[in-house]
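Per-entry structural report
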Amino acid sequence: MLGNIKKDKGFYKRLIMLMLPIMIQNGITNFINMLDNIMIGAVGTAQMTGVAITNQLIFIFNLCIFGVVSGAGIFGAQFFGSGDNDGVKYTFRFKIIFSVVISMLGIAVFLLFGDSLLGMYLKGEEGVTDAVATMGYAKDYLRIMLIGLLPYSIVQCYSSTLREGASPSLPMIAGVVAVFVNLILNYLLIFGKFGFPQLGVNGAAVATVISRYVELAIVIIFTHANRIKYYYMCGVYKSFYVPGRLVLDLIIKGLPLMLNETLWATGTAMVNQSYSYLSLDAMAATNISQTFWNVFSIAYMAVGAAIGIILGQLLGADKLEEARESSKKMITFSFVLAACVSVIYMVCAEFIPYAYNTEPQIRHLATRLMQLTAIVMPFDALTHSSYFTLRSGGKMFITILFDSGFVWGLNVLISFVLSRFTSISFIGLFAIMQGISVVKSVIGMLLVKSGFWIKNIVVDHSEQ
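Residues numbered from 1 in each chain as written. Predicted model: local features only at pLDDT ≥ 70, side-chain atom pairs only at ≥ 80, totals over all residues. Heavy atoms only, no water.

Our next topic: the overall build of the protein chain. If you tally the helices and strands in the protein chain, you get 16 helices and zero strands. Relative to its length of 464 residues, the protein chain is compact, with a C-alpha radius of gyration of 22 Å against a globular reference of 23 Å. Taken over the C-alpha atoms alone, the protein chain extends approximately 65 × 45 × 40 Å along its principal axes. Burial analysis of the protein chain (464 residues in total) assigns 56% to the buried set. The contacts of the protein chain with a sequence gap of at least 6 include a subset with a gap of at least 24, amounting to 83%. Accessible area for the protein chain stands at about 18700 Å²; split by element, carbon and sulfur atoms hold 69% of it. (Helix = DSSP H or I, 4+ residues; strand = E, 2+ residues; numbered from the N terminus. Rg over C-alpha atoms; globule rule 2.2 N^0.38 Å. Buried < 20%, exposed > 50% of the residue type's maximum accessible area, 1.4 Å probe, protein only. Contact = heavy atoms within 4.5 Å. Areas by Shrake-Rupley, 256 points an atom, 1.4 Å probe, with all protein chains shown as cover.)

If you trace the backbone, Leu447 turns up in helix H15 (residues 426-450). Setting aside chain neighbours within four positions, we find Leu447 in contact with Leu390, Ile398, Phe402, Phe452 and Trp453.

This part covers unusual backbone geometry. One non-glycine residue with positive phi stands out, namely Phe194, at about 55°. Looking at the element boundaries, Phe194 is found in the loop between helix H7 (169-191) and helix H8 (201-225). Judged by its relative accessible area of 71%, Phe194 falls in the exposed class.

Following both chains from N to C, one finds helix H10 (residues 281-296) and helix H11 (residues 298-316) inclined at 60°, their axes separated by 5 Å at the closest point. On the basis of the axis angle, H10 is oblique to H11. The residues of H11 that touch H10, namely those facing Trp293, Asn294, Val295 and Phe296, are Ile298, Tyr300 and Met301. Looking at the contact of H10 with H11, its residues break down into six nonpolar, one polar and no charged. (Axes fitted to C-alpha atoms, helices over the stretch in contact; angles between N-to-C directions. Parallel < 35°, antiparallel > 145°, perpendicular 65-115°, else oblique. Nonpolar A, V, L, I, M, F, W, Y, C, P; charged D, E, K, R; others polar.)

What follows is about the side chain of Ser419. Positionally, Ser419 belongs in helix H14 (residues 396-421). The exposure class assigned to Ser419 is buried, which follows from its relative accessible area of 4%. Looking at Ser419, its side chain comes within polar contact range of the side chain of Arg420, at 3.0 Å. When sequence neighbours within four positions are dropped, the list of residues in contact with Ser419 reads Ser274, Tyr277, Leu278 and Leu429. (Polar contact = N/O pair within 3.5 Å; in protein donor to acceptor, adjacent residues only side chain to side chain.)

Moving on: the packing of aromatic side chains. Tallied over the full model, the rule gives 19 aromatic pairs. Residues Phe75 and Phe79 carry aromatic rings whose centres are separated by 6.4 Å and whose planes lie at 40° to one another, so their mutual orientation is tilted. On the criterion of helical spacing, the pair formed by Phe75 and Phe79 is a turn pair, its members being four residues apart in helix H3 (residues 45-81). Across the pair, Phe79 and Phe75 agree in class, each one buried. Seen from their ring centres, Tyr387 and Phe388 are 5.3 Å apart, and the 85° between their planes marks the pair as edge-to-face. For Tyr387, a relative accessible area of 6% gives the class buried. Put simply, the rings of Phe92, Tyr158, Tyr237 and Phe240 pair up and form one aromatic cluster. Positioned above the aromatic ring of Tyr277 is the side chain of Arg420, whose terminal nitrogen or guanidinium carbon lies 4.3 Å from the ring centre. Lying over the aromatic face of Phe402, Lys440 brings its terminal NZ or CZ to 5.3 Å of the ring centre. (Phe/Tyr/Trp six-rings, centres within 6.5 Å; stacked < 30°, edge-to-face > 60°. Lys NZ or Arg CZ within 6 Å of the ring centre and 35° of its normal.)

Attention now moves to H14. With 26 residues, H14 should cover 38 Å at 1.5 Å per step; its first-to-last C-alpha distance of 35 Å lies within 8% of that length. In H14, a bend of some 45° at Gly405 exceeds every other bend along the element. (Expected span 1.5 Å × (residues − 1). Bend = angle between axes of the 7 residues up to and from the residue.)

Turning our eyes to something else, we now look at a nonpolar patch on the surface. Residues Ile97, Val101, Leu105, Tyr237 and Phe240 make up a contiguous nonpolar surface patch of roughly 450 Å² in combined accessible area. Within the secondary structure, Leu105 is located in helix H4 (residues 85-119). Taking relative accessible area as the criterion, Leu105 reaches 51% and is therefore assigned exposed. (Patch = residues over 30% accessible without salt bridge, like charges linked within 9 Å, V, L, I, M, F, W, Y side chains within 5 Å. Salt bridge = Lys/Arg side-chain N within 4 Å of Asp/Glu carboxyl O.)

A separate point is the confidence of the model for the protein chain. Predicted coordinates in regions of low pLDDT should not be interpreted in detail. The predicted model of the protein chain averages 84 in pLDDT, with 94% of residues at 70 or higher. Predicted confidence for residues 125-129 stays below pLDDT 50, and this span has six contacts to residues more than four positions away or in other chains. (pLDDT = per-residue confidence, 0-100.)

Within the secondary structure, Lys89 is located in helix H4. Summary of buried charges: Lys89 has no salt-bridge partner, and the nearest side chain of opposite charge, Asp86, is 4.2 Å away. Setting aside its immediate chain neighbours within four residues, Lys89 contacts Tyr231, Tyr232, Cys234, Gly235 and Val236. (Lys, Arg positive; Asp, Glu negative; His and termini not counted.)

Before going further, it helps to examine the pattern of salt bridges. A pair can form between side chains of opposite charge whenever their charged atoms are brought close. For the structure shown, the criterion picks out seven salt bridges. Between Asp140 and Arg143 there is a salt bridge; the shortest N-O distance is 3.9 Å. Placement of both Asp140 and Arg143 in helix H5 (residues 128-145) is noted, with a separation of three residues, approximately one turn of the helix. Here Arg143 falls in the partly exposed class, since its relative accessible area comes to 49%. Across the pair Glu350 and Arg368 runs a salt bridge whose closest N-O atoms are separated by 3.9 Å.

At a minimum axis distance of 7 Å, the contact between H3 and H11 shows a crossing angle of 55°. Considering their axes alone, H3 and H11 lie oblique with respect to each other. Crossing geometry of H3 relative to H11 is assigned as right-handed. On the side of H3, the interface is formed by Ala77, Gln78, Phe80 and Gly81, while H11 contributes Ile309, Gly312, Gln313, Leu315 and Gly316. Its residues assigned to classes, the contact of H3 with H11 comprises four nonpolar, five polar and no charged. (Left-handed = near helix turned anticlockwise from the far one by under 90°.)

Set out below in structure tokens:
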């Protein structure tokens, strides 16, 4: 590995320069989310669990938006790689239109069915009082968070396009500013400091919504003020025209990816619902574990995002063999990076839960969950890298089968059966789910090795 890095110093420098802004933005975002989580946990376990349950639903919406911008982004990266600025503009317009539509639908669904969806996670063994209190906090938090769905969606459209255009710095800066705004407002509004009202869980939601509007303002203002640097965004709002043939291709390639992200997120939420069926403590422990997993996984997650961009640009430029070789290097890099981080995570898992004002059994449970996820983290990195590699060539059907098909066909089915029809413990079920992810990583590597994903999908549009 070290020999390869020395040999291909220029390549790895490009990879690191692309992944670093993404990693910094995601790192700060997840670190602040971690502090938010600890602050909410300091208020009480019911409050922390209520927010965690609501975030399961928000997570599904977020991945719907991610699916829209990522599906179109496959074309955006390849258009940029081929020097087709009009193609980049058309792709951005498509993202905006569909993201706004999805946001409106999401808000409607949460308003009409939010209570029923939240109630799915309150089937554990604890008393009615705990469930009622948790439900109340979850409902309050969700209603406020709905105000922030639209700005979140628009920011994702801008951020993805800027990254595809090799300009990841502005989304990073906007994200950093937003998370610090969120952190400060959380402290003021959750605990009522410096004359601000003490709003608890509601204060956390208000802080998040305000920070999203701040992020949106920064991204829009600086993108359109700097016409030289972001030249491919000039005139993007002169109309909302997108060529019919491209719309068709974007729908054929992009909407299946949105469907995949939605199904994957829904499947993950269903697995968590099976956890909560065994015990309400499972949601609190999973919340702690997931929060810190997000922090420790930022490095290989950033590599995955960079893989999608770099391979997309290479495929769009018809550098097919270079794309094949680059994928091997980046996947190996991601695996080694994750293996190093997993060791640190394993050690830290013994101490992290003590930052929370919660019951000892929840702390102990959270530690065991973090240690299990640390063991499989390198394999998760392989899965993540494989997913972005397959996606870069527009192979949607196989990507969906590999990602959401796997989750629903194995994870959801097995977790449902074991949680309802056996006496398995929560920790035992969680361990089985982690073992399944190792199997998935092996399948992902076999699919990447086959090379069927190596394809230029924008050549026809570039010739128009």
